[in-house]
Every structure is written in C-alpha cells, then in structure tokens.
Amino acid sequence: MRAYQDMVFSTAARLAGNDTQAEDIAQEVFIRAYEHFSDLRGSVTAGGWLKTVTTNLTLNYLSRYRKRWRLFSEMRSTSEDSDTDGPELDWEVPDTILADLSAEQRSAIVEAALKQLPDHQRLPLVLYHFEELSYQEIADRLNVSLTKIKTDIRRARAALLPLLQDCGGARDTLDG
Amino acid sequence: MNNTESEQKLEQVLHQALKGLPPRRAPRTLESRVLESLAQRASLHWWRVSFANWPVGARVAFVLICAALVAATILGGVSAYLGDRSLNEAAALVLGWVHPLLAVMSSAGGLVSLLVRVIPPVWLYGALGLGVLLYVTLFGLGAAAYRTLYLQSSSAGDGL
C-alpha cells in the first residue's frame, strides 16, 4: 500500500479537486485492492489496476454527488459554452512555465491552481494531461460531446496559464 | 502568432509543466484509516457482510430455504384459493374484482370532470399559475442557497 498510496491519492485529488474527498476515494480504492489481493499480489499490473480503479471511482463519486448540483453550478456556463470557438488568447504564451522551480514547488503551485478550476474544466484537463487520454476517450468517459471536451480543455488551459504565472510571480516576490 | 498557434504552444508548454510533476504525498492518516476500516470489516459476523462474502454452505442453504419458502407460499396460496373449486370458478372470482375497480375509476373520473365544469376557469388558471410560481420560487431559493452556501464554502476551502 505504501508504494502506491501517493499515486492513488494524487490521481483522486487532481481529479476531484478536493483533498478530503480524495482521501475517502483512496481509502475505498485500497479496500477494493484488499478484496482482490490474491489477484494483485506480485502482479506487475497492480499499479495500472489501482490507477484505473481510482479514476473510475473518482468519476463515479463526482457524477453521483455533484449531478444534483450541476444544473445550478453550470447554469451560467451553459450559455457561455454555446460558442464553440472559445476565447482568444490575448497574451503571449511563454516558452516555459515554472521551469526554474523545484518539482515540489511546481507540484504545489499546479495542484493549487487546478483546485481553482471548475469541475467541467479540471476533469477533462487532468484526464488529458495527467492520464493521457485522448479527447474522444475523455468525451466517452464523461458522457459529453467531443466539441464540449475540446472547448473545456482549451478554456481550462487559458484559465490555468495566468494562475500559474501569478503563483510564479508571487513566489518570486516572496523569494526576493 | 495567430490564435491556433498560440493554443498549440500553450498545450505543449502546459503539458511539459504538468507531465513531469511528482505525485502528491498522501495524508499520514490514509494508511491508518484503511487498516482501521479493514479491521472493522474483519470483525463483522459473516451474516453482516455482503452476500457474496458469505460461506458457500450458508449461501446454498439461504438460496434453498428462500426457494422453498417461495414455492410453499405460492402452492399454499393457490390451494387455499382454489379449494375444491374448478379452474373456471377461480378465474371468475379473480375477474370479479375487476368490475368494482373499473367502477371506482370511472366514478373518480366523473368526479374530476364534474369539478372542472363546476369550478370557474379563472380559479383553475389561478391555481395553475400559483403552482408554477411556487415551483419557480423554490427553484430560485435552492439555486441561491447553493450558490451562497455551498459554492462559497467550497471555494473558500479550496483557495490558493
């Protein structure tokens, strides 16, 4: 369990955007792993199995507990999503982001920035960049259209960039 | 640089920044929580865990007893109902319940149509409008409460 608990918790936390929920999900994942212990013991695919179960459980958790709120929380974004072209990037994209920071510092900044994104942007973004699923796979998993997934990911990137740059700037200020 | 090129560059830059991140450290409480939960499950008696985890003998016995009970109930009910009557008589008895049921439904329908005729249409439209107004009010209150209580508290807890 110790070998995989960071990976399981990270996956759940990045997808859920909430540490308390991520810990609940991670607990459930390891209980399921215990129930399949005879299959997983010594298996080279144990890590993949745990990652898949974590992703599935988190998506189930989010759809179960947040479906009832979706109508309210996305009331405003539904009208915003009607245009499929997405926002124009009105700033220069840097060649690198947070490149001068240590991995731990970058991780803390990225995790905090991810939490600021709404679910419908964070989920596809994390599935695309961290879990490396294709747009079509994400659309199938989240049961939404391919166009919406592309739009949400594009907007998530556009929202994430200034958050990361702000955090980098704040860190520079603190360091200075 | 046009918008498409900027977006492609942004995707690459972000992917580079996100991909190499180390996993976050799991809370120290996670391991103890899992072990505690497993110990709690292990301490439960076999009949308190899910059916799939029951001993095979208990599962077989449970299924057999249930099947016997269902069979006994059906056979007992049928034999008590039929007694020494013929099958036609039994069918007639069953269908005998249908006529009163239809009569009750017909009376209820007549009562509704009578009320619709007697009550002025303005009252009916007013009641309908009031119902819609109450629904919209409750929906609005729910949305406002969610945005005020749930969204603000979660964003405060998740802030940078």
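Residues numbered from 1 in each chain as written. Chains lettered and ligands numbered in written order. Predicted model: local features only at pLDDT ≥ 70, side-chain atom pairs only at ≥ 80, totals over all residues.

### Regarding the overall build of chain A
Going by this rule: Helix and strand definitions follow DSSP, with helices as H or I runs of at least four residues and strands as E runs of at least two, each counted in order from the N terminus. Burial is judged by counting the other C-beta atoms within 10 Å of a residue's own C-beta: 20 or more makes it buried, 12 or fewer makes it exposed, and any count in between marks it as partly exposed, with every C-beta position built from the backbone. Throughout, a pair of residues is in contact if the C-beta atoms placed from their backbones lie within 7 Å.
Along the backbone of chain A there are nine helices and zero strands. Across chain A, helices and strands are ordered from the amino to the carboxyl terminus as α-α-α-α-α-α-α-α-α. Looking at chain A as a whole, 35% of its 176 residues are labelled buried. The contacts in chain A between residues at least 6 apart in sequence include a share of 68% that link residues at least 24 apart.

### A look at the overall build of chain B
Within chain B, the secondary structure is distributed over six helices and zero strands. Starting at the N terminus and ending at the C terminus, chain B contains elements arranged as α-α-α-α-α-α. Expressed as a percentage of its 160 residues, the buried residues of chain B come to 6%.

### Description of the nonpolar core
Put simply, the rule reads: Remark: nonpolar core denotes a set of buried Ala, Val, Leu, Ile, Met, Phe, Trp, Tyr and Cys residues whose joining runs through C-beta atoms within 7 Å.
By size, the foremost hydrophobic cluster in this structure holds 44 residues, and its most contacted members are F9, A12, A26, V29, V110 and L164 of chain A. Of all elements in the fold, only helix 1 (5-16), helix 2 (19-35), helix 4 (46-73), helix 6 (103-116), helix 7 (119-129) and helix 9 (146-175) of chain A together with helix 1 (3-19) and helix 2 (29-42) of chain B reach the threshold of two or more residues within this core. It is helix 9 of chain A that provides the largest number of residues to this core, a total of seven residues. Other than its neighbours up to four places away in sequence, V110 of chain A contacts L164 of chain A together with A17, L18 and L21 of chain B.

### Things to note about unusual backbone geometry
All names here are of chain A. A positive phi angle is found at E132, which is not glycine, with a value near 55°. Note that E132 resides in the loop between helix 7 and helix 8 (135-142). Phi is positive for N143, close to 60°, though the residue is something other than glycine. Mapped onto the elements, N143 comes out in the loop between helix 8 and helix 9.

### Some thoughts on the interface of chain B and chain A
Using the following cut-off: Each residue gets one of three labels, nonpolar for Ala, Val, Leu, Ile, Met, Phe, Trp, Tyr, Cys and Pro, charged for Asp, Glu, Lys and Arg, and polar for the others, Gly among them.
Between chain B and chain A, the contact holds 32 residues from the first and 42 residues from the second. Listing elements by their share of the side of chain B that touches chain A, those giving two or more residues are helix 1, helix 2 and helix 6 (121-158) of chain B. When residues of the side of chain B that touches chain A are assigned to their parent elements, the largest contribution, 12 residues, is made by helix 1 of chain B. Taken together, the residues of the side of chain B that touches chain A sort by class into 17 nonpolar, five polar and 10 charged.

### A closer look at helix 7 of chain A
In terms of residue burial, helix 7 of chain A counts as a mostly covered element, since 10 of its 11 residues are buried. When helix 7 of chain A is considered as a whole, its buried residues turn out to be H120, Q121, R122, L123, P124, L125, V126, L127, Y128 and H129 of chain A.

### Some thoughts on the packing of helix 1 of chain A against helix 2 of chain A
All names here are of chain A. The criterion, for reference: Axis definition: a line fitted to C-alpha atoms, over the contacting stretch in the case of helices. Angles run 0 to 180 degrees between N-to-C directions. Geometric relationships in this document are graded by angle, where less than 35 degrees denotes roughly parallel, more than 145 denotes roughly antiparallel, 65 to 115 denotes roughly perpendicular, and other angles denote oblique. Helix crossings fall into two classes, left-handed where the near helix is turned counterclockwise from the far one by less than a right angle and right-handed where it is turned clockwise.
In the contact formed by helix 1 and helix 2, the axes pass within 8 Å of each other and the chain directions differ by 135°. By the angle class used here, helix 1 and helix 2 are oblique. Crossing hand, helix 1 versus helix 2: right-handed. Of the residues in helix 2, those touching helix 1 at Q5, V8, F9, A12, A13 and A16 are D19, Q21, A22, E23, I25, A26 and V29. Across the contact of helix 1 with helix 2, the residue classes break down as nine nonpolar, two polar and two charged.

### Details of the environment of A16 of chain A
Residue and element names in this part refer to chain A. Following the sequence through the fold, A16 ends up in helix 1. Under the C-beta neighbour-count criterion, A16 is labelled buried, with 26 such atoms within 10 Å. Residues A16 and L62, 46 residues apart in the sequence, show an inter-C-alpha distance of 7.1 Å. The contact partners of A16, leaving out residues within four places of it in the chain, are Q21, A22, I25, T58, Y61 and L62.

Note that all results are geometric; they support no functional claim without further evidence.
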